[in-house]
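# Chains, contacts and geometry: an overview
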Amino acid sequence: MWVGVDLGDIGDPAEAFGITAKRELSRTDSEESFQTALRWIENCKENHICSKRLALKSRESEFLPWPSRLIDVEAFGEGDRDVRLVENDGSKERYVCLSYCWGQSKTFTTTSRFLRLRKTRINYSTLPQTFRDVVTITRRLGVRYVWIDALCIIQDDRLDWEKESVKMGAIYSMAYITIAADSGRDCHSGCFNTASTSQELSFDNTPFPLHSTTPSGEASTIYLWDPTRGTTKPTPPEIDGSPLAERGWVCQERILSPRILHYTTSQLFWECRQTLLAEDNLRPWSIYDSSSTTVCGLARNLYGTTQDPVGRANLLRIWYNHVVSESYSRRKLTRADDKLTAISGIARAFGRHFQSTYLAGLWALDLPWGLSWRRRGLVSRPVEYRAPAFSWASLDAIVEWPVVSTKSVAKIKVVDVHVELSSGDPFGRVSGCWVKVEGYVSRARVTARKRLLAGGVSVVWEMFGEMGQLPLGTVFMDDDEVDLAGQDGERLRWVEYLVLSHDG
Ligand SMILES: [Zn+2]
């Protein structure tokens with residue numbers, strides 16, 4: 001049971017007794033909001049493990065993890081709001097990162113033509129609103145540097161972009177704090193709201209008011225509620241249902257950032273590797289725990305040296321089921337070509353534990369399981385080659401992996417694997433990839449059945465053994481859409497399939 005105390009301006013004496021009191025809100029650019037953010041940071045620095053850096057370097061010599069450039073928000077002394085771009089040799093370690101939507105509108109960027117000008121001075125008033133707000137937040141948090149991709153990467157220099165995009169995951173993971181402009185659709189939306197609102201508690205969990213009078217005769221109300229009741233939402237919808245949550249790149253920005261201040265339309269949220277907090281102090285979502293299904297739980301799993309097989313199997317499950325299936329494959333990318341690049345930072349972090357070849361989104365480690373993905377619902381395919389057909393990265397579709405039985409036995413033997421990298425980054429884009437396996441090939445009948453789903457009529461293929469009538473399961477056929485046209489009833493065909501694994 002938590003107790004909420006509505007004490008108006010008197011403050012929160014209850015907090016001195018360890019009771020969580022509901023906080024009144026004004027707006028996210030208010031003095032109180034900045035004070036709350038600073039308290040969260042201090043508490044995290046003092047009491048959490050979040051300051052510990054993720055080791056992302058595979059080979060020290062080839063991988064310089066810090067951003068090549070940063071924006072100096074104190075370049076011209078007090079009172080001057082202008083900023084400038086500075087080169088970074090790794091000495092400017094404390095910086096803020098911005099996570100935001102570029103959107104469809106024109107973004108203020110650095111190009112080779114404007115590089116010298118950006119290094120001389122950037123007029124504060126010419127910056128788009130989101131950039132201006134993040135400059136303000138950076139200053140208020142007492143940090144001198146901020147990293148914004150549009151300004152710190154030379155946008156028309158493909159080489160510079162390749163070099164910095166490899167580091168993208170590391171740049172977020174080494175940031176002092178990440179500012180997430182959750183509700184902004186583009187760089188003009190800004191970070192701040194104009195009026196904050198408390199989170200809605202579920203219908204069956206309305207706070208119970210206890211009216212009383214203080215010793216000095218003032219009326220006082222204490223609200224009681226149970227935070228464990230009706231908490232079906234895993235995280236605040238302000239974060240997970242936001243425009244930012246739809247962006248492909250944000251998947252790794254969020255998982256790898258050690259601390260995030262979420263600027264949402266309703267209020268400020270804090271997310272670090274140990275906790276998720278709301279400015280109003282309410283938690284009408286599931287209590288964050290150590291499970292890998294939450295962002296902070298997941299990031300914690302990436303720490304340490306998980307060299308034991310059980311730990312590795314757990315991490316592999318997290319990679320396929322949580323990172324790719326539940327998060328990344330549901331997000332959108334502006335450039336189809338970014339599919340592997342936008343997740344390369346997390347792949348690098350996982351790769352440190354697996355010590356296994358990365359095969360365009362899959363791992364050579366336990367390949368039978370990696371290959372057993374299937375897509376859900378609608379699919380689109382990129383025009384240009386992006387990944388081999390056996391990888392989920394070859395499609396733009398929601399994908400999923402089956403629950404693996406502990407009795408599952410691999411039925412293929414990996415003989416050889418081959419990856420041709422496009423950029424030299426072992427976790428980045430590929431121009432070719434194949435695997436050579438030995439295993440059993442069987443024949444089966446597959447039957448197409450039309451099913452009425454939310455999105456319209458869909459075709460489901462059921463597989464039957466050569467002799468039996470019992471279905472072996474459902475399969476996805478590459479030409480679902482073709483077979484759908486004008487067909488009635490069932491369609492049957494024979495297929496040859498490779499047995500990946502077998503239960504027991
Ligand atoms: Zn923390």
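Residues numbered from 1 in each chain as written. Predicted model: local features only at pLDDT ≥ 70, side-chain atom pairs only at ≥ 80, totals over all residues.

## Topic: the overall build of the chain
A tally of helices and strands in the chain yields 12 helices and 23 strands. Burial analysis of the chain (504 residues in total) assigns 35% to the buried set. Residue pairs at least 24 apart in sequence account for 70% of intrachain contacts in the chain once pairs closer than 6 positions are excluded. (Helix = DSSP H or I, 4+ residues; strand = E, 2+ residues; numbered from the N terminus. Buried ≥ 20, exposed ≤ 12 C-beta atoms within 10 Å, placed from the backbone. Contact = placed C-beta atoms within 7 Å.)

## A few points about the confidence of the model for the chain
When the pLDDT values of the chain are averaged, the result is 84; 84% of them are 70 or greater. Confidence over residues 5-10 falls short of pLDDT 50; this stretch has nine contacts with residues more than four positions distant or in other chains. Confidence drops under pLDDT 50 across residues 58-62; counting only partners more than four residues distant or on other chains, this segment forms two contacts. (pLDDT = per-residue confidence, 0-100.)

## Description of the packing of helix H5 (residues 158-173) against helix H10 (residues 344-354)
H10 packs onto H5 with a crossing angle of 75° between their chain directions and a minimal axis gap of 7 Å. It follows from the interaxial angle that H5 and H10 lie roughly perpendicular. Contacts from Val-166, Met-168, Gly-169, Ala-170 and Tyr-172 of H5 reach H10 at Ser-344, Gly-345, Ile-346, Arg-348 and Ala-349. Considered class by class, the residues forming the contact of H5 with H10 number six nonpolar, three polar and one charged. (Axes fitted to C-alpha atoms, helices over the stretch in contact; angles between N-to-C directions. Parallel < 35°, antiparallel > 145°, perpendicular 65-115°, else oblique. Nonpolar A, V, L, I, M, F, W, Y, C, P; charged D, E, K, R; others polar.)

## Concerning helix H9 (residues 309-327)
For H9, the principal kink sits at Ile-318 and spans about 30°. Turning to H9, its buried residues are Leu-315, Leu-316, Trp-319, Tyr-320, His-322, Val-323, Val-324 and Ser-327. (Bend = angle between axes of the 7 residues up to and from the residue.)

## Quick look at the nonpolar core
Among the nonpolar cores identified, the biggest contains 95 residues, and Ile-71, Val-134, Val-146, Trp-147, Ala-175 and Ile-179 are the most heavily contacted of them. Among the elements that take part in this core, H9 stands out by supplying six residues, more than any other. Taken domain by domain, this core gets at least three of its residues from each of domain 1 (47-192 + 236-280) and domain 2 (305-438). Excluding its chain neighbours within four sequence positions, the residues that come into contact with Ala-175 are Tyr-95, Val-96, Cys-97, Trp-147 and Ser-257. (Core = buried A, V, L, I, M, F, W, Y, C linked by C-beta atoms within 7 Å. Domains from an automatic or database assignment.)

## Focus: unusual backbone geometry
The backbone of Gln-355 shows a phi angle near 50°, a positive value even though the residue is not glycine. With respect to the helices, strands and loops of the structure, Gln-355 is situated in the loop between H10 and strand E12 (358-359). At Asp-366, a position not held by glycine, the phi torsion is positive, near 50°. Judged by C-beta crowding, with 23 C-beta atoms within 10 Å, Asp-366 ranks as buried.

## Digging into the packing of H9 against H10
Put simply, H9 and H10 touch, their axes get as near as 10 Å, and they point 160° apart. Considering their axes alone, H9 and H10 lie roughly antiparallel with respect to each other. Where H9 crosses over H10, the handedness of that crossing is left-handed. Within the contact between the two elements, H9 uses Arg-312, Leu-315, Trp-319 and Val-323 and H10 uses Ile-346, Phe-350, His-353 and Phe-354. Looking at the contact of H9 with H10, its residues break down into six nonpolar, one polar and one charged. (Left-handed = near helix turned anticlockwise from the far one by under 90°.)

## Considerations on the sheet that holds strand E3 (residues 84-87)
Pairing in this open sheet of eight strands is mixed, and the strands run E3-E2-E5-E4-E6-E9-E10-E11 from one edge to the other. At either end of the open sheet lies a strand with only one pairing partner, and these are E3 and strand E11 (276-278). Neighbour-to-neighbour, the strand axes of this sheet turn through a mean angle of 30°, independent of strand direction. Note that strand E2 (residues 69-72) and E3 share four bridges and pair antiparallel. Opposite Leu-70, over in E3, you have Val-86 as the bridge partner. Along the sheet face, helix H1 (residues 31-47) touches strand E6 (177-180), strand E9 (259-263), strand E10 (268-272) and E11 and points at about 10° away from the line of E10. (Pairing = 2+ DSSP bridges.)

## Considerations on H10
Where burial is concerned, most of H10 is hidden: nine out of the 11 residues are buried. Among the residues making up H10, those that are buried are Ser-344, Gly-345, Ile-346, Ala-347, Arg-348, Ala-349, Phe-350, Gly-351 and His-353. Looking at the residues trailing H10, positive phi occurs at Gln-355, about 50°.

## With respect to the pairing of E10
Burial runs high along E10: five of the five residues are buried. Here E10 shows a buried face lined by Leu-268, Trp-270 and Cys-272 and a second buried face lined by Phe-269 and Glu-271. In this structure, E9 lies alongside E10, joined through five bridges in antiparallel fashion. Note on E10: the bridge partner recorded for Tyr-263 is Leu-268. The antiparallel pairing of E9 with E10 creates a hairpin that spans four residues between the two strands.

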